[in-house]
Amino acid sequence: MKHCTNCGYELAPDTQYCPNCGQAVRDNAEQGASKSEGSTSENARQHITTAPSTIQKAEPASRIPTADVNTARPATRNNTIIVVIIALALILGGFFFIKKQMVVSRDQLASNLTKAVQNQDGKLFLKQFSKDDQELKFSNIGAKSIVKDMHNHSRDSISEVGRIIVDGQRVAGTHAKYHFNVESKQVLGMFTSYYLTTRRTPIRVLDYTGSGGPVTIKLEDADNQQISKKQLSSGFFPGKYNLKVRSGDTQDDYWIWPNGDGETIDLTLTSDD
């Protein structure tokens with residue numbers, strides 16, 4: 001027995017339309033298929049309805065961290081700035097080191113000369129001269145005698161000795177009127193450095209002893225080191241030099257006192273007879 005799917009009215013086996021409501025009548029197979037299709041459609045609708053919730057609840061997939069280009073660039077710029085700062089510091093440090101070690105101003109030159117005379121420091125005094133003057137044989141002995149002479153006999157204030165020399169004047173009261181010149185040179189093309197120069201004084205020996213023998217001259221201030229004719233003729237740095245001179249069998253003590261004017265000094269040897 002079958003019934004109307006619309007109103008449930010009991011139908012005869014071969015009835016095609018429901019006599020009660022007029023609904024078309026289908027057999028049981030078609031009715032089952034329809035129910036199956038309806039169930040499938042309903043399940044599909046439920047799946048579609050719940051799918052967004054599932055997607056919304058899904059955890060985001062983890063990502064592998066990648067370098068941020070914009071973050072790396074500032075770091076590179078910072079490193080460049082640090083390198084530039086270090087380079088500038090090294091350049092400035094070298095700049096001031098060279099200036100301190102190699103550059104002497106006029107005021108510093110005067111100060112060094114004054115200090116040398118006050119302390120009777122011949123080495124410091126000689127250091128204020130050109131390399132050629134410093135390397136001249138026995139120049140250290142001459143420089144030592146000069147600071148001693150200025151210290152003991154200057155009529156000018158010792159505190160002003162350096163300024164007097166740098167200004168091109170002569171210190172009053174000394175045994176010799178020393179001739180010094182202030183010169184300048186460029187250091188690294190940027191700085192002007194000042195120093196002193198002087199002229200060498202040649203020594204000419206005049207032997208009037210009548211001994212007829214060879215003349216031997218030794219420098220007492222240099223542990224009686226013998227002085228050659230070449231050294232005598234090449235000249236001496238200003239200052240006092242004590243000599244022991246032998247001519248034949250005759251020996252005597254002499255001294256010379258070059259003043260830096262470059263004029264030849266005659267060392268005249270005479271006999272006591």
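Quick caveat, the model's predicted, so the values are computed rather than measured. (Residues numbered from 1 in each chain as written. Predicted model: local features only at pLDDT ≥ 70, side-chain atom pairs only at ≥ 80, totals over all residues. Heavy atoms only, no water.)

Some details on the nonpolar core
1) Next: Counting 41 residues, the largest nonpolar core has Phe 125, Met 150, Ile 165, Tyr 241, Leu 243 and Leu 267 as the members making the most contacts within it.
2) Next: At the level of elements, α3 (106-118), α4 (122-127), α6 (139-153), α7 (161-166), β6 (215-219), β8 (241-247), β9 (250-256) and β10 (265-270) are the ones that each hand at least two residues to this core.
3) Next: Those residues within four positions of Leu 243 in sequence are excluded, and the remaining contacts are Ile 217, Lys 218, Leu 219, Ile 227, Asp 252, Asp 253, Tyr 254, Trp 255, Ile 256 and Leu 267. (Core = buried A, V, L, I, M, F, W, Y, C linked by side-chain atoms within 4.5 Å. Buried < 20%, exposed > 50% of the residue type's maximum accessible area, 1.4 Å probe, protein only. Helix = DSSP H or I, 4+ residues; strand = E, 2+ residues; numbered from the N terminus. Contact = heavy atoms within 4.5 Å.)

Overview of α3
1) Next: In this model α3 runs 18 Å from its N-terminal to its C-terminal C-alpha over 13 residues, within 8% of the 18 Å that 1.5 Å per residue would give.
2) Next: Of the positions making up α3, those classed as buried are Leu 109, Ala 110, Asn 112, Leu 113, Thr 114, Ala 116 and Val 117.
3) Next: Trailing α3 by a residue or two, Gln 120 shows a phi angle of about 50°, which is positive. (Expected span 1.5 Å × (residues − 1).)

Here's the deal with the side chain of Asp 149
1) Next: Of note, Asp 149 is situated in helix α6.
2) Next: Nearest to the buried, unbridged Asp 149 among oppositely charged side chains is Lys 240, at 9.2 Å.
3) Next: Ignoring sequence-local partners within four residues, the contact set of Asp 149 consists of Ser 154, Thr 174, His 175, Ala 176, Tyr 178 and Trp 257. (Lys, Arg positive; Asp, Glu negative; His and termini not counted. Salt bridge = Lys/Arg side-chain N within 4 Å of Asp/Glu carboxyl O.)

From the geometry alone we can't say anything about function, so treat these as descriptive.
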